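Summary of the model geometry
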Amino acid sequence: MQIHIINPNTTASMTDKIGEAARQVAADGTTIMATNPRSGPVSIESHFDEAISAVGVAEEILAGERNNVDAYIIACFGDPALDAAREIASAPVIGVAEAAFKLASIVSHRFGIVTTLARTLPAAEHLLQRYGYQHLCSGARAADIPVLDLEELQQDTFEQLKNECLAAIQQDGADSIVLGCAGMSELAQELSSCLNVPVIDGVSAAVKLAESLHQLKLSTSKGGQYAAPIQKQFIGRYQHWSR
Ligand code: 2AL
């Protein structure tokens, strides 16, 4: 099967890293294509960044529709444009936060979220509410690491992340950790060995869910909320989307 992973930010090195993390867990016969929008923020750390990135995600999905994609993954922890993507994609679309919460809820009683900057914590709480996981989450913590610092990870930054995970376990009662940024994918296994609890990276979780959906021949229901958008005129820079 072919999985198209969309990194909603425009940092190509992060896109490559996400693609590599996905290939590490993909089954034989699964092809991973990782792309990012041509325009938009280099990292997503605010509601504004997320709003701008949503258009980029939609553009990547529409491009993917020409490539026989079997599943899409939106690889940013805010799951930007997830509902819109489900409307316009013919294949299933999985958000990494959603995927991580699902797997964490199976392997632990309470999971903790450890994310990047404190200002993204309300977004993490909003995701928990949206997907209905508040009661399974021991809390969200920020390691105070800007997203792009994960690209050239220094030992002290890794220690900061590990210490916040430890606090989630020891102070908040988490018995697994969900990593709150797609740029943390490659750290999940090392953190898990250090912490002795499951550490769930949403990119890997989403790849395995995508493979399951494909094997079970399950795709997005087009009968209701995720029906294709109503055809209409678009004005200005989006006029090529007029139908
Ligand atoms: C993210 C993420 O996953 N990608 C990005 O640019 N920002 N998440 C976050 N909490 O900062």
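To keep things clear, this report deals only with the structure shown in the data block. If you're wondering where the values come from, they're calculated on a predicted model, not measured in any experiment. (Residues numbered from 1 in each chain as written. Predicted model: local features only at pLDDT ≥ 70, side-chain atom pairs only at ≥ 80, totals over all residues. Heavy atoms only, no water.)

**Looking at the side chain of threonine 115**
- Positionally, threonine 115 belongs in strand 5 (residues 111–115).
- At 3.0 Å, the side chain of threonine 115 forms a polar contact with the backbone oxygen of glycine 180.
- The contact partners of threonine 115, leaving out residues within four places of it in the chain, are Thr120, Leu121, Arg141, Ala142, Ala143, Gly180 and Met184. (Helix = DSSP H or I, 4+ residues; strand = E, 2+ residues; numbered from the N terminus. Polar contact = N/O pair within 3.5 Å; in protein donor to acceptor, adjacent residues only side chain to side chain. Contact = heavy atoms within 4.5 Å.)

**Observations regarding empty space enclosed by the protein**
- For the coordinates displayed, the defined rule picks out 2 cavities of 30 Å³ or more.
- Taken as a whole, the largest cavity spans an internal volume of roughly 260 Å³.
- Lining of the largest cavity is provided by 23 residues; of these, Ile44, Cys76, Phe77, Gly78 and Thr120 occupy positions nearest its centre.
- Elements supplying a minimum of two residues to the lining of the largest cavity: helix 2 (47–64) and helix 5 (121–131).
- The leading source of residues in the lining of the largest cavity is helix 5, at 3 residues.
- Among the residues making up the lining of the largest cavity, the classes are represented as 11 nonpolar, 9 polar and 3 charged. (1 Å grid on protein atoms, 1.4 Å probe; cavity = no way out; pocket = protein on both sides within 12 Å on 5 of 7 lines; lining within 4 Å. Points joined across faces, edges and corners; volume = space filled by probe spheres on them. Nonpolar A, V, L, I, M, F, W, Y, C, P; charged D, E, K, R; others polar.)

**Structural notes on the nonpolar core**
- Grouped together as the largest cluster of nonpolar side chains are 71 residues, with contacts concentrated most on Ile5, Phe101, Phe111, Ile113, Ile177 and Val178.
- If we skip the residues at most four places from it in the chain, phenylalanine 111 touches Phe101, Ala104, Ser105, Leu128, Tyr133, Leu136, Cys137, Ser138, Gly139, Ala174, Ser176 and Val178. (Core = buried A, V, L, I, M, F, W, Y, C linked by side-chain atoms within 4.5 Å. Buried < 20%, exposed > 50% of the residue type's maximum accessible area, 1.4 Å probe, protein only.)

**Here we look at the site of the ligand**
- In the neighbourhood of the ligand, 13 residues make up the surrounding shell, with Asn9, Ile44, Thr116, Gly180 and Ala182 lying closest.
- Asparagine 9 has a polar side-chain atom sitting 2.9 Å from an oxygen atom of the ligand.
- With the chains in place, 96% of the 290 Å² that the ligand exposes on its own is no longer accessible.
- The cavity that encloses the ligand is the largest cavity.
- Looking at the shell around the ligand residue by residue, the classes come out as 7 nonpolar, 6 polar and no charged. (Near = heavy atom within 4 Å. Areas by Shrake-Rupley, 256 points an atom, 1.4 Å probe, with all protein chains shown as cover. Sits in = over half its atoms within 2 Å of the grid points.)

**A closer look at the sheet that holds strand 3 (residues 71–74)**
- Spatial strand order, 2-1-3-4: 4 strands in an open sheet with parallel pairing. Only two strands of the sheet have a single partner each, and these edge strands are strand 2 (31–35) and strand 4 (93–95). Averaged over all pairs of adjacent strands, the angle between strand axes in this sheet comes to 20°, irrespective of strand direction.
- One ladder, built from 4 bridges, connects strand 1 (residues 2–6) with strand 3; its direction is parallel. Bridging from a neighbouring strand, isoleucine 6 pairs with isoleucine 74 of strand 3.
- Here helix 2 sits on the sheet and contacts strand 1, strand 2 and strand 3; the angle it forms with strand 1, its principal contact strand, is near 160°.
- Along the sheet, helix 8 (residues 202–215) makes contact with strand 1, strand 2, strand 3 and strand 4, crossing strand 1 at roughly 145°. (Pairing = 2+ DSSP bridges. Axes fitted to C-alpha atoms, helices over the stretch in contact; angles between N-to-C directions.)

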